[in-house]
Amino acid sequence: MIYNVLGKTDIKVSKIAFGSLTMGPLQRNLTTVEGASLIKYAYDQGINFIDTAELYETYGHIREALKYIPRDTFVIASKSYAYSKETAKASFEKAILEMDTDYIDVFMLHEQMNAFTLKGHYEAIEYFLKLKSEGRIKAIGVSTHYVECVRAILRYPEIEVVHPITNVNGLGIQDGSRQEMELAIRAFKSSGGGVFGMKPLGGGNLLASVDACFNYVLDQSDLDAIAFGMQSKAEIDYNVRRVKGLEISESLKNEVSTTDKKLQVADWCTGCGACVKKCDHKALRIQNGQAVVTRETCVLCGYCASVCPEFCIKVY
Ligand code: SF4
Ligand code: SF4
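Residues numbered from 1 in each chain as written. Chains lettered and ligands numbered in written order. Predicted model: local features only at pLDDT ≥ 70, side-chain atom pairs only at ≥ 80, totals over all residues.

Participant: Requested: an account of the overall build of the protein, with residues and values cited.
Facilitator: Assigned secondary structure in the protein consists of 12 helices and 14 strands. The C-alpha radius of gyration of the protein comes to 19 Å, within 12% of the 20 Å expected for a compact globule of 316 residues. Across its three principal axes, the protein shows a C-alpha extent of roughly 55 × 45 × 35 Å. Taking all 316 residues of the protein together, the buried fraction comes to 43%. Taking all contacts inside the protein whose residues are at least 6 apart in sequence as the whole, residues at least 24 apart take part in 73%. (Helix = DSSP H or I, 4+ residues; strand = E, 2+ residues; numbered from the N terminus. Rg over C-alpha atoms; globule rule 2.2 N^0.38 Å. Buried ≥ 20, exposed ≤ 12 C-beta atoms within 10 Å, placed from the backbone. Contact = placed C-beta atoms within 7 Å.)

Below you can see the structure in the form of structure tokens.
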């Protein structure tokens, strides 16, 4: 496994971060025991870094895994929508209680957009700084789908880590191109920031071009790590072998590619209809105010996800 230090922190992480969204109730809905078994399997393959969030409801899976994994050998990044001292305190305490840990390695503001949203959440950042001074948070970060946010954090030296969306098609970047995101990431990285990318496979929508997706993120020297959502041991094996540059057997390729995948519309869909217009296969319709997919005609191309303003379509 390749390991990198996250920017100017002293946190050493594996190139692959275990994205835990995909195992939680928003996606595959594994039990805590099933999820912990996968996390432990990944750890045994060299993956020492997990990405979670209050939203994902995977703290229980991580708590279970920590019964096997020595805490000081494992890096946890989590995210919160906190905007005030009170909400920041509640989020942090929920995280440490539910994961049964004394500290969080990287605690992030979730889904930041720009300098204005950062300003609006600054009271939470101040509370995280206090926790950092007490050793209960090691580094403060933000996650974002916006180029503008990655540019804005250059003016906030207290933010040491960014978790931006990055993939070969620029899928999901809300306010610019892949190239603009690369430039913003490079500037932050050059200033000493730590970077771990998200959605290298476009949330599952780019699975048809998995080789191009891997080649792209592995070529990005500014990425200290990349979070891959993983739901099976085969996917872990595939990703680890890919990052290590090892040969991948046909049977493993088949096992990964034959996993039953489907399109899912998150329940925060607003029913705007943009995805319906985009789908040339007429596989989407609005029903009871939300988008609904017809599996028989959906080719899992992912084009609909690229126009969703809420980023609520995923293939997994
Ligand atoms: S584009 Fe997104 S928010 Fe709009 S209807 Fe489709 S899934 Fe829902
Ligand atoms: S993934 Fe492709 S085929 Fe399926 S609903 Fe979206 S645009 Fe249509």
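Having seen the model, we can carry on.
Participant: Any chance you could break down the environment of I47 for me, citing the residues and the numbers?
Facilitator: Residue placement: I47 occurs in the loop between α1 (32-44) and β4 (49-51). The class of I47 is buried, set by 26 C-beta atoms lying within 10 Å. Along the primary structure I47 and S14 are separated by 33 residues, whereas in three dimensions their C-alpha atoms are 5.5 Å apart. Excluding its chain neighbours within four sequence positions, the residues that come into contact with I47 are S14, I16, F18 and A42.

Participant: Please provide a residue-by-residue account of the site of ligand 1, values included.
Facilitator: The full set close to ligand 1 counts 13 residues, and C269, C272, C275, A291 and C308 are the nearest of them. Among the residues forming the shell around ligand 1, the class breakdown is nine nonpolar, three polar and one charged. (Near = placed C-beta within 6 Å. Nonpolar A, V, L, I, M, F, W, Y, C, P; charged D, E, K, R; others polar.)

Participant: Tell me about the domain arrangement of the protein, residues and numbers included.
Facilitator: Bring the parts together and some accessible area is lost; that lost area is often taken as the interface size. Under the domain assignment used here, the protein contains domain 1 (3-257) and domain 2 (263-315). For domain 1 and domain 2, the distance between their C-alpha centroids amounts to 25 Å. (Domains from an automatic or database assignment.)

Participant: With reference to specific residues and values, describe the nonpolar core.
Facilitator: One finds A17, I39, V150 and I226 to be the most contacted residues of the largest nonpolar core, which totals 85 residues. A domain split of this core shows at least three residues from each of domain 1 (3-257) and domain 2 (263-315). Those residues in contact with I226 that sit more than four places away from it in its chain are K15, I16, A17, F196, G197, P200 and V217. (Core = buried A, V, L, I, M, F, W, Y, C linked by C-beta atoms within 7 Å.)

Participant: How would you explain the pairing of strand β13 (residues 290-293) if you had to name every residue and give the values?
Facilitator: Judged by which residues are buried, β13 turns out to be one-sided: A291 and V293 face inward and are buried, whereas Q290 and V292, on the alternate face, are not. Relative to β13, strand β12 (residues 284-287) runs antiparallel, the two being bridged by four bridges. Paired with Q287 across the bridge in β13 is Q290. Here β12 folds back onto β13, and the loop between the two strands holds two residues, one of which, N288, carries a positive phi near 50°. (Pairing = 2+ DSSP bridges.)

Participant: Account for the sheet that holds strand β7 (residues 137-144), with residues named and values stated.
Facilitator: One closed barrel holds the eight strands; their spatial order is β3-β4-β5-β6-β7-β8-β9-β10, and the pairing between them is parallel. Between one strand axis and the next, the sheet turns by 25° as a mean value, whatever way the strands run. Sheet topology places strand β5 (residues 75-80) next to strand β6 (residues 104-112); four bridges connect them, and they run parallel. Paired with S80 across the two strands is L109, which belongs to β6. The strands that helix α3 (residues 85-99) touches are β5 and β6; relative to β5, the one it contacts most, it runs at about 145°. (Axes fitted to C-alpha atoms, helices over the stretch in contact; angles between N-to-C directions.)

Participant: Please set out unusual backbone geometry residue by residue, giving values where relevant.
Facilitator: With the exception of glycine, most residues fall at negative phi, and the peptide bonds are largely trans. The phi torsion at E111 lies on the positive side, around 55°, for a residue other than glycine. Looking at where E111 falls in the secondary structure, it is placed in strand β6. With a phi angle near 55°, K199 is a residue other than glycine that sits in the positive phi range. Considering the arrangement of structural elements, one finds K199 in the loop between β9 (194-197) and α8 (210-219).

Participant: Help me get a handle on the environment of V5, residues and values and all.
Facilitator: Structurally, V5 can be placed in strand β1 (residues 3-5). What makes V5 exposed here is the crowd of 12 C-beta atoms within 10 Å. In this structure the C-alpha to C-alpha distance between V5 and D224, which are 219 residues apart in sequence, comes to 6.9 Å. Those residues within four positions of V5 in sequence are excluded, and the remaining contacts are D10, I11 and K12.

Participant: Can you break down the pairing of β5 residue by residue, with the values?
Facilitator: Within β5, six of the six residues are buried, which leaves it mostly tucked inside the rest of the structure. Taking every second residue as pointing to the same face, both faces of β5 are buried, with V75, A77 and K79 on one and I76, S78 and S80 on the other. Relative to β5, β4 runs parallel, the two being bridged by three bridges. Among the inter-strand pairings, F49 is bridged to a residue of β5, identified as V75.

Participant: Just give me the short version of the packing of helix α9 (residues 233-244) against helix α10 (residues 250-257), but keep the residues and values in it.
Facilitator: The N-to-C vectors of α9 and α10 enclose an angle of 125°; their axes lie 9 Å apart at closest approach. One element, α9, and the other, α10, form an angle in the oblique class. Taken as a pair, α9 and α10 cross one another with a handedness that is left-handed. Residues A234, E235, D237 and Y238 of α9 pack against L252, E255 and V256 of α10. Here the residues of the contact of α9 with α10 are counted per class, giving four nonpolar, no polar and three charged. (Parallel < 35°, antiparallel > 145°, perpendicular 65-115°, else oblique. Left-handed = near helix turned anticlockwise from the far one by under 90°.)

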